[in-house]
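Here's the letter readout for the chains.
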Amino acid sequence: MESSGTMEDKIREMTGGFSDPFGDSSERIGRIIRFLDDSIVAKNRYKGNLYDLTKNEWKMTSILTLWLLKVIDLDYFTSRIIYRIRDGMEESLQNVRDEDLSIIAERVGIPMEFSPAESFYISRIPIFTKSCSRISGSTFRLVYQSFRDNGVLSNKNKVDKIIREYAVIQMRDIMDEIDRENAVKYFESYMPDLEGIRQKAQKLITPVDLGDVDTSAFPPCILHFISDAKNGVNIPHMGRFAMVSFLNKVGMSEEDIMKIFSSVPDFSRKITEYQVKHILGEISGIKYTPPKCETLRSNHLCYMDDDPICNSPNMKHPLTYYKIKKQAGKKS
Ligand code: SF4
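Only a predicted model underlies this, so the values are computations on that prediction, with no experimental measurement involved.

Novice: How should the overall build of the protein be read in this particular structure?
Specialist: From N to C terminus, the protein includes 15 helices and four strands. Expressed as a percentage of the 332 residues in the protein, the buried residues total 48%.

Novice: Looking at this structure, I do not really get the site of the ligand. What am I missing?
Specialist: By nearness alone, every residue bordering the ligand is listed as P219, P220, C221, C293, L296, R297, C302, Y303, M304, C310, M315 and P318. The set of elements that each furnish at least two residues to the shell around the ligand consists of α10 (220-230) and α14 (293-298). Ranked by the residues each element gives to the shell around the ligand, the list is headed by α14, at three residues.

Novice: Mind showing me how you'd approach the pairing of strand β2 (residues 120-124) here?
Specialist: Successive side chains on a regular strand alternate, one facing one side of the sheet and the next facing the other. Of all the five residues making up β2, four are buried; the element is thus mostly covered by neighbouring parts of the structure. One ladder, built from four bridges, connects strand β1 (residues 112-115) with β2; its direction is antiparallel. Looking at β2, one finds that F114 is bridged to Y121. Linking two consecutive strands that pair antiparallel, namely β1 and β2, is a turn of four residues; a positive phi of about 55° is found at S119 within it. Bridge analysis of β2 against strand β4 (residues 151-154) gives four bridges, and the strand direction is antiparallel. Residue I122 lies in a different strand from β4, and its bridge partner there is L153.

Novice: When you look at the confidence of the model for the protein in this model, what are you seeing that I'm missing?
Specialist: Here the protein averages 83 in pLDDT, while 85% of its residues score no lower than 70. No element of the protein has a lower mean pLDDT than helix α1 (residues 4-15), which averages 58, and none a higher one than helix α9 (residues 191-202), which averages 94. Here residues 17-23 is a poorly scored stretch, pLDDT under 50, and it has 21 contacts once near neighbours within four places are set aside; other chains count.

Novice: Teacher, can you tell me more about unusual backbone geometry here?
Specialist: It is generally the case that most residues other than glycine have a negative phi and that most peptide bonds are trans. In this structure, D149 takes a positive phi of about 50° despite not being glycine. On the secondary structure map, D149 appears in the loop between β3 (147-148) and β4. Non-glycine residue H300 carries a positive phi angle of around 60°. Checked against the element boundaries, H300 lands in the loop between α14 and α15 (318-331).

Novice: Would you mind showing me how to read the packing of aromatic side chains here?
Specialist: Any pair of aromatic rings gets described here by the distance separating the centres and the angle formed by the planes. This model, assessed by the stated rule, comprises eleven aromatic pairs. Ring centres of F225 and Y303 lie 6.2 Å apart, and the angle between their planes is 85°; this geometry places the pair in the edge-to-face category. Pair noted here: F225 is in helix α10 and Y303 is in the loop between α14 and α15, with a separation of 78 residues, a long-range link. Here F225 falls in the buried class, since its relative accessible area comes to 1%. Three or more aromatic residues joined by ring pairs form one cluster here, namely W67, Y186, F187 and Y190.

Novice: Help me understand α9, please; the structure alone is not making it clear to me.
Specialist: Because each turn of an α-helix spans 3.6 residues, side chains separated by three or four positions end up pointing in the same direction. Here α9 spans 16 Å end to end across twelve residues, near enough to the 16 Å set by a 1.5 Å rise per residue. Those residues of α9 lying buried are L194, I197, R198 and A201. Take α9 and look down its axis: the buried residues cluster within an arc of 100°, on one side only. Buried residues belonging to α9 abut α2 (26-38), α3 (58-72) and α4 (75-93).

Novice: Mind showing me how you'd approach the pairing of β4 here?
Specialist: Where β3 meets β4, two bridges bridge the pair, whose relative direction is antiparallel. Bridged to F147 within β4 is V152. Following β3, the chain reverses through two residues before pairing antiparallel with β4; D149 in that reversal takes a positive phi of roughly 50°.

The rules behind each value
- All chains use their own residue numbering, which begins from 1 and follows the written sequence.
- The predicted nature of this model means local features are confined to residues of pLDDT at least 70 and side-chain atom pairs, given and counted, to a pLDDT of 80 or more, with totals for whole chains, interfaces and linings taken over all residues.
- In computing side-chain properties, one takes all heavy atoms of the structure into account and sets aside hydrogens as well as water.
- In this description a helix means any DSSP run of H or I spanning at least four residues, a strand means any run of E spanning at least two, and both kinds are numbered starting from the N terminus.
- Each residue is assigned to one of three classes by its accessible area relative to the maximum for its type, calculated with a 1.4 Å probe on protein chains only: buried under 20%, partly exposed between the two thresholds, exposed over 50%.
- Near, as used in this document, describes a residue that has one of its heavy atoms within 4 Å of the molecule or strand being considered.
- The rule for pairing is simple: two strands pair if DSSP sees at least two bridges between them.
- What pLDDT reports is the predictor's confidence in each residue, on a scale of 0 through 100.
- Residues are treated as being in contact if the distance between any of their heavy atoms lies within 4.5 Å.
- Stacked, tilted and edge-to-face are the three classes assigned to paired rings of Phe, Tyr and Trp, where Trp is represented by its six-membered ring and a pair needs centres within 6.5 Å; plane angles under 30 degrees give stacked, over 60 edge-to-face, the rest tilted.
- Working rule for helices: expected span equals 1.5 Å times residues minus one.
- The arc in question is the one spanned by the directions pointing from the helix axis to the C-beta atoms.

In structure tokens, the structure reads:
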């Protein structure tokens, strides 16, 4: 096991200055714990924004939050909190002046230039594609962008989203870096609070039963969306649409589809129920079919990898995948 000095160095390096969790930072940790506790119930909101990107403390507060989440150790809850931090960050960008946004982007780790004459920002292509990989819509596809000096041109709205999504990717990377054993040891004195949060949050997880539906025949894209939903990862709008319409077509009940969504970070029963009913045709009378592979691919929502069925020349639709695999299962 690492010495406590090494852990301190690690936390200090990550937060850019954090030194004493039991002294000058204890008040900050207390606020984070209240924020975590307030976030257990989906509709509750902590008053104030601990993750304001215009304030210097955002980095230290965010990283300390991740260490505490490592102690709590619930994937579902971690995802919810990461998305709440993300929302706090985005909210704080609303009143930032154009000329200051690139400075904030730089602080988050996104080198970006601002062109005052035209009011747009230039970001590097790899950063743009990485940040936008989970945002659906043609606005965020590289093929539809304008370029200058080997960089992508974006307006403020787009940059707000790039910063927000990049922060999520970074937070997930940091979570992977933190060793739980060290986190428990370092934040031992906060254990009663953190264990209390863990127990309350655990009760929110709804086990998902897929009933008689043959999940072994699901294509990789649909399995990916289901796994994201179960782990509390937000799914882009088109991914949700593809998942709901697919599950409906293969015979899953509305109630079971709803259960899958109950772990999604921004879950609202009322809104989700309306969206699901709409896709299922109960509101408009139109029963939707999942998008074609081509559409999912152009929205970065295809996860075919080296799957042999997906890679076959005639694979054009997730439902075709399901039929082929089910047939293959019957023959074997
Ligand atoms: S090829 Fe089609 S079925 Fe396969 S993962 Fe991609 S979108 Fe889904």
